[in-house]
Amino acid sequence: MEGAGRGRPSGVVDSPPVSAVPVEHIDDLQAYAQSVAGCTRCRLAQGRTQVVFGAGNPHAELMFVGEAPGFHEDKQGLPFVGHAGKLLEKLLNGVGLQRSDVYIANVLMCRPPGNRDPQPDEIEACESHLFRQVELIEPTVVATLGNFATKLLSGRPLGITRVHGQEQETTLGGRTVTLYPLYHPAAALYTPAMLKVLESDFARIPELLGRALVPQPEPELALVPAPPAEQLGLF
Ligand code: URA
């Protein structure tokens, strides 16, 4: 794929039209969320509790894109409300941001069974939902969390270990944005070395947003015990 949001891969059908016309974004976002609440584009519709649409500030300059809902997200209908979400919130607070400042979405809107990896056809089925959210939110920085979001939105196969912390300009939702790949918080939860890298990559977010750097207090990011295996897989 040549850069996400630019060309559609062949074989994608039933995508809502992507309009370049200015819109009332909040209304449109709500209307779009409602329109996809019953989505049956892929097999994940069968096992989900509910579609997990993006959430947060509809005028956010900073948008995060994770992988897929996990156990807690599927139950609550909100992205990043489990352990990974708590860590994401702490990392945000560490750079002077609140969760309510940002918008958070996922590559997939439905939980894969047992938190297995998203399948290529599921990503393809769901990607226009993500691109539409980018288009409506109009962020200036899109931070991709982990491999799946990074590969999809960069349009490149390079893994997160190679590209984390390296911002790049790309076109998403018809606009130039700064794409900023980061390790997934769920992976960093159980790997202290990765958490350090994630913290230092996070520290550059204010600069990417064109804001003054925030003095960094010593983070108190306690590692949490792994969740029961039957519950969450990675998340
Ligand atoms: N991990 C994700 O990628 N997304 C969520 O919403 C929760 C955990």
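Remember, it's a predicted structure, so these values are computed and weren't measured experimentally.

Caption draft 1: Region of interest: the sheet that holds strand β4 (residues 141-145). An order of β1-β3-β2-β4-β6-β5 is seen for the six strands of this open sheet, with the pairing classed as mixed. At either end of the open sheet lies a strand with only one pairing partner, and these are β1 (55-56) and β5 (168-172). Where β1 lies against strand β3 (residues 103-106), two bridges are found, and the strand directions are antiparallel. Looking at β3, one finds that glycine 56 is bridged to tyrosine 103. Against the sheet, helix α5 (residues 147-154) engages β2 (62-66), β4, β5 and β6 (175-182), with an angle of about 135° to β4.

Caption draft 2: Examining the side chain of aspartate 201 more closely. With respect to the helices and strands, aspartate 201 occurs in helix α8 (residues 192-202). For the buried aspartate 201, no salt bridge exists, and the shortest N-O distance to an oppositely charged side chain is 6.4 Å, to arginine 204.

Caption draft 3: A look at the side chain of histidine 129. If you trace the backbone, histidine 129 turns up in helix α4 (residues 120-137). You can call histidine 129 buried: its relative accessible area is 3%. A distance of 2.8 Å separates a polar atom in the side chain of histidine 129 from a polar atom in the side chain of tyrosine 32. The residues contacting histidine 129, other than those within four sequence positions of it, are Tyr32, Val36, Cys39, Arg41 and Met109.

Reading guide: rules and limits
Residues numbered from 1 in each chain as written. Predicted model: local features only at pLDDT ≥ 70, side-chain atom pairs only at ≥ 80, totals over all residues. Heavy atoms only, no water. Pairing = 2+ DSSP bridges. Helix = DSSP H or I, 4+ residues; strand = E, 2+ residues; numbered from the N terminus. Contact = heavy atoms within 4.5 Å. Axes fitted to C-alpha atoms, helices over the stretch in contact; angles between N-to-C directions. Buried < 20%, exposed > 50% of the residue type's maximum accessible area, 1.4 Å probe, protein only. Lys, Arg positive; Asp, Glu negative; His and termini not counted. Salt bridge = Lys/Arg side-chain N within 4 Å of Asp/Glu carboxyl O. Polar contact = N/O pair within 3.5 Å; in protein donor to acceptor, adjacent residues only side chain to side chain.

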